[in-house]
Amino acid sequence: MNTRALSGILLASFSFFLFSLQDASVKWLVAALPVWQVLFVRSVTIFAICAAIGRGPGLRRASTSPILKPMLVRNLLLLAAWLSYYTAARDLGLAELTTLYYASPIVTTLLAVPLLREVVPPSRWVAVVTGFVGVLIACNIFTNGVGISLPVYLALQAAVFWGVATILLRKTALEETTLVQMIISSGFLMLFTGVVAPFVWQSLDLASFALIVGTGVFAGVAQYALFEGMRRAEVSLLAPFEYTSLIWGFVLGFLIWNEVPGVNVFVGAAMIISAGLIIVAAERLGQKNMQTTTEA
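Anyway, here's the lowdown on the structure attached to this text. Because the structure is a prediction, the values reported are computed rather than measured.

1. Looking at the overall build of the chain
And then number 1: A tally of helices and strands in the chain yields 13 helices and zero strands.
And then number 2: Secondary structure of the chain in N-to-C order comes out as α-α-α-α-α-α-α-α-α-α-α-α-α.
And then number 3: Burial statistics for the chain: of 296 residues in total, 49% are counted as buried.
And then number 4: When the accessible area of the chain is evaluated, it comes to approximately 13,900 Å², of which 69% is carbon and sulfur surface.

2. Some words on the pattern of salt bridges
And then number 1: One pass over the structure, following the stated rule, counts one salt bridge.
And then number 2: Residues E228 and R232 are paired through a salt bridge, measuring 3.1 Å at the closest nitrogen-oxygen approach. Of this pair, E228 and R232 both sit in helix α10 (residues 206-232), four residues apart, which is roughly one turn of that helix.

3. Describing the packing of aromatic side chains
And then number 1: Applying the stated criterion to the full structure yields four aromatic pairs.
And then number 2: For the ring pair Y85 and W162, a centre distance of 5.2 Å and an interplane angle of 75° mean the geometry is edge-to-face. Note that Y85 is positioned in helix α3 (residues 68-88) and W162 in helix α8 (residues 150-173), a separation of 77 residues in sequence. Of the two residues examined, Y85 and W162, each falls in the buried class.
And then number 3: When the centroid spacing of 5.9 Å and the interplanar angle of 10° are considered together, the rings of F188 and F192 count as stacked.

4. Things to note about α3
And then number 1: Its 21 residues place the ends of α3 30 Å apart at the C-alpha level, agreeing with the 30 Å of an ideal helix rising 1.5 Å per residue.
And then number 2: When α3 is considered as a whole, its buried residues turn out to be M71, R74, N75, L77, L78, L79, A81, W82, S84, Y85, Y86 and A88.

5. What to know about a nonpolar patch on the surface
And then number 1: A surface patch of nonpolar side chains, about 800 Å² in accessible area, is lined by W28, W248, V251, F254, L255, I256, W257 and V260.
And then number 2: With six residues, helix α12 (residues 244-257) is the single largest residue contributor to the nonpolar patch.
And then number 3: Following the sequence through the fold, I256 ends up in helix α12.
And then number 4: Classification of I256 as partly exposed rests on a relative accessible area of 37%.

6. Some details on the packing of α3 against helix α9 (residues 178-200)
Packed helices, taken two at a time, are described by the angle their axes make and the gap between the axes.
And then number 1: Interhelical geometry of α3 versus α9 gives an angle of 50° and a closest axis separation of 9 Å. Between α3 and α9, the interaxial angle falls into the category oblique. Relative to α9, the crossing made by α3 is right-handed. Residues L68, M71, L72, R74, N75, L76, L79 and W82 of α3 form the contact with α9, whose participating residues are Q181, I184, S185, F188, L189, F192 and T193.

7. Looking at the environment of A62
And then number 1: On the secondary structure map, A62 appears in helix α2 (residues 35-63).
And then number 2: Overall, the relative accessible area of 5% leaves A62 in the buried class.
And then number 3: Between the C-alpha atom of A62 and that of Q181, which follows or precedes it by 119 residues, the distance is 7.4 Å.
And then number 4: What A62 contacts, discounting residues up to four positions off in sequence, is L68, V180, I183 and I184.

8. What to know about the packing of α2 against α10
And then number 1: Two numbers describe how α2 lies on α10: the axes approach to 8 Å, and their chain directions differ by 55°. Accordingly, the angle class assigned to the pair α2 and α10 is oblique. For α2 against α10, the interelement crossing comes out right-handed. Between α2 and α10, the contacting residues are V38, V41, R42, T45, I46 and I49 on the first element and I212, V213, G216, V217, A219, G220 and Q223 on the second.

9. Observations concerning unusual backbone geometry
And then number 1: Not every positive phi belongs to a glycine, and R55 is a case in point at roughly 55°.
And then number 2: Its place among the elements puts R55 in helix α2.
And then number 3: For R55, a relative accessible area of 60% puts it in the exposed group.

10. Let's talk about the side chain of E228
And then number 1: Judged by its relative accessible area of 13%, E228 falls in the buried class.
And then number 2: Side-chain polar atoms of E228 contact the side chain of R232, separated by 3.1 Å.
And then number 3: Contacts of E228, omitting those with residues within four sequence positions, involve L11 and T178.

11. Considerations on the environment of L79
And then number 1: For L79, the location among the structural elements is in helix α3.
And then number 2: With 114 residues separating them in the primary sequence, L79 and T193 have C-alpha atoms 8.5 Å apart.

Procedures and definitions
Residues numbered from 1 in each chain as written. Predicted model: local features only at pLDDT ≥ 70, side-chain atom pairs only at ≥ 80, totals over all residues. Heavy atoms only, no water. Helix = DSSP H or I, 4+ residues; strand = E, 2+ residues; numbered from the N terminus. Buried < 20%, exposed > 50% of the residue type's maximum accessible area, 1.4 Å probe, protein only. Areas by Shrake-Rupley, 256 points an atom, 1.4 Å probe, with all protein chains shown as cover. Salt bridge = Lys/Arg side-chain N within 4 Å of Asp/Glu carboxyl O. Phe/Tyr/Trp six-rings, centres within 6.5 Å; stacked < 30°, edge-to-face > 60°. Expected span 1.5 Å × (residues − 1). Patch = residues over 30% accessible without salt bridge, like charges linked within 9 Å, V, L, I, M, F, W, Y side chains within 5 Å. Axes fitted to C-alpha atoms, helices over the stretch in contact; angles between N-to-C directions. Parallel < 35°, antiparallel > 145°, perpendicular 65-115°, else oblique. Left-handed = near helix turned anticlockwise from the far one by under 90°. Contact = heavy atoms within 4.5 Å. Polar contact = N/O pair within 3.5 Å; in protein donor to acceptor, adjacent residues only side chain to side chain.

Next comes the structure, spelled out in structure tokens:
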């Protein structure tokens with residue numbers, strides 16, 4: 001595996017950890033606050049940070065960027081995904097919700113072939129399937145099962161939206177700087193959520209306000225790491241590593257809500273980690289074979 005691809009994996013994995021922190025914060029917040037309000041303050045925070053860094057030149061470049069249209073579509077998909085996901089969260093248990101969300105890496109890998117013209121080797125398919133089976137075991141779906149209902153449909157819909165949005169991110173990541181992409185992304189989401197937020201707004205105490213702003217900071221750093229990761233490695237290479245956020249989810253669940261993972265969680269986590277190791281091993285083997293062929 002070359003250094004660029006490895007750095008992409010590390011950046012993406014770090015972003016998935018931060019997104020797990022974001023999800024834990026949002027889960028805590030939406031118990032008392034409207035989703036629209038939380039997403040609006042989050043977007044304002046990210047936009048303010050990016051605007052402070054990029055200043056005038058960054059804002060001007062963002063306003064004339066050639067990726068404005070695809071980023072508009074991507075952010076509409078993201079907004080739809082978040083609304084679907086957090087609406088489903090009101091009725092689904094954590095295990096069901098998490099499992100359904102993790103259909104997203106499979107969607108991403110499937111779409112990477114026709115839309116990005118990526119050649120997905122068998123090792124990546126094995127890693128994606130291994131990771132998803134690990135998710136099923138960790139969430140105990142084989143025992144409890146998942147019924148088809150509106151919340152289940154919404155969670156699956158969110159996974160599809162996220163998968164397509166990831167593909168669009170890869171297409172735009174190579175055409176514009178990360179900072180400009182973040183300015184455009186957070187700006188669009190700030191506008192979208194700002195239309196509804198005033199009508200559902202609730203007063204915030206200092207602790208809630210600090211938590212929402214902190215969520216925006218987590219999300220901003222996570223976005224930067226993910227965008228940079230997408231610039232350095234193929235989508236189908238990074239997709240299996242998204243499963244690592246499940247492990248962080250259970251860790252945060254234990255630390256915050258005192259949720260104690262069962263044996264099935266540890267078995268599933270081992271399979272999820274194995275999915276990432278399959279990718280690393282296969283890429284390293286492929287690199288060595290390539291070097292051997294070149295030397296011969």
